[in-house]
Amino acid sequence: VQLVESGGGLVQPGGSLRLSCAASGFTFSMYGMSWYRQAPGKERELVAAISSSGGTTNYKDSVSGRFTISRDNAKNTVYLQMNSLKPEDTAVYYCNAVRGRVVIISTLVHVFESWGQGTQVTVSS
């Protein structure tokens, strides 16, 4: 299994970024996918999830309305469009497959113990 995140960078508050996660080594289209983030000194948290078909999405309250998760099963890739970025969005962002019901974020559990390298997002003026 390989998960390769990209697209992070330094952006000013209010700016936008689009993250990508290229997946391989498993049947991508059969799994729900999620984006997680980990800020310095904090635990990793799930911020967005999407069902295997892409028909259902869900978000952590603090990013709802600003972030959009999507996927392309033909390309084995999941995306995270981040708009209206805030300094508190600063973190390393990771993706992983998930089990559980996307409509209830608390039920979601990551599938693979081996995480990618992540992509750093820094929101600062």
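Up top is the structure these notes are about.
Overview of the structure. Keep in mind that what you see is a predicted model, and the values were worked out from it rather than measured. (Residues numbered from 1 in each chain as written. Predicted model: local features only at pLDDT ≥ 70, side-chain atom pairs only at ≥ 80, totals over all residues. Heavy atoms only, no water.)

**Some words on the environment of Val11**
Within the secondary structure layout, Val11 lies in strand 2 (residues 9-11). For the pair Val11 and Val121, spaced 110 residues apart in sequence, the C-alpha separation works out to 7.8 Å. Setting aside anything within four residues of it in sequence, one finds Val11 in contact with Ser16, Leu17, Leu85, Thr122, Val123 and Ser124. (Helix = DSSP H or I, 4+ residues; strand = E, 2+ residues; numbered from the N terminus. Contact = heavy atoms within 4.5 Å.)

**Quick notes on the state of the cysteines**
Taken as a whole, this structure holds one disulfide when the rule is applied. Here Cys21 pairs with Cys95 through a disulfide, and the sulfurs are 1.8 Å apart. Taken together, the residues Cys21 in strand 3 (residues 17-24) and Cys95 in strand 9 (residues 91-99) connect sequence positions 74 residues apart. The two residues Cys21 and Cys95 agree in class, both being buried. (Disulfide = S-S within 2.5 Å. Buried < 20%, exposed > 50% of the residue type's maximum accessible area, 1.4 Å probe, protein only.)

**A word on the side chain of Thr119**
Counting through the fold element by element, Thr119 comes out in strand 11 (residues 119-123). Within the local environment of Thr119, its side chain forms a polar contact with the backbone nitrogen of Gly8, the two atoms lying 2.9 Å apart. (Polar contact = N/O pair within 3.5 Å; in protein donor to acceptor, adjacent residues only side chain to side chain.)

**Focus on the pairing of strand 1 (residues 2-6)**
Burial along strand 1 is one-sided: the face carrying Leu3 and Glu5 is buried and the face carrying Gln2, Val4 and Ser6 is not. Bridge count for strand 1 against strand 3 is five bridges, and the pairing is antiparallel. Bridge pairing in strand 3 places Glu5 opposite Cys21. (Pairing = 2+ DSSP bridges.)

**Quick notes on the side chain of Asp89**
Within the secondary structure, Asp89 is located in the loop between strand 8 (77-82) and strand 9. Those residues in contact with Asp89, other than ones at most four positions away along the chain, are Arg37, Val63, Arg66, Phe67, Ser84, Val121 and Val123.

**What to know about the sheet that holds strand 3**
The four strands are arranged 1-3-8-7 in an open sheet whose pairing can be described as antiparallel. Among the strands making up the open sheet, the edge pair consists of strand 1 and strand 7 (67-72). With strand direction ignored, the average angle separating the axes of adjacent strands in the sheet is 15 degrees. Here strand 3 runs beside strand 8; their pairing, made up of six bridges, is antiparallel. Residue pairing across strands places Leu17 opposite Met82, the latter belonging to strand 8. (Axes fitted to C-alpha atoms, helices over the stretch in contact; angles between N-to-C directions.)

**Structural notes on the packing of aromatic side chains**
Tallying each qualifying case throughout the model produces six aromatic pairs. For the pair Phe26 and Phe28, a centre-to-centre distance of 6.3 Å together with 50 degrees between the ring planes defines the contact as tilted. The burial state of Phe26 is the same as that of Phe28; both residues are buried. When the ring of Tyr31 is compared with that of Phe112, the centres are 6.0 Å apart and the planes differ by 45 degrees; the resulting orientation is tilted. In this pair, Tyr31 is assigned in the loop between strand 3 and strand 4 (32-38) and Phe112 in the loop between strand 10 (109-110) and strand 11, connecting sequence segments 81 residues apart. Overall, Tyr31 belongs to the partly exposed group, its relative accessible area being 23%. Judged by relative accessible area, Phe112 falls into the buried class, the value being 14%. Put simply, the rings of Phe26, Phe28, Tyr31 and Phe112 pair up and form one aromatic cluster. When the ring centre of Phe28 is taken as origin, the NZ or CZ atom of Arg71, which lies over that ring, is 4.3 Å away. (Phe/Tyr/Trp six-rings, centres within 6.5 Å; stacked < 30°, edge-to-face > 60°. Lys NZ or Arg CZ within 6 Å of the ring centre and 35° of its normal.)

Function cannot be inferred from these measures alone, as they are strictly geometric.
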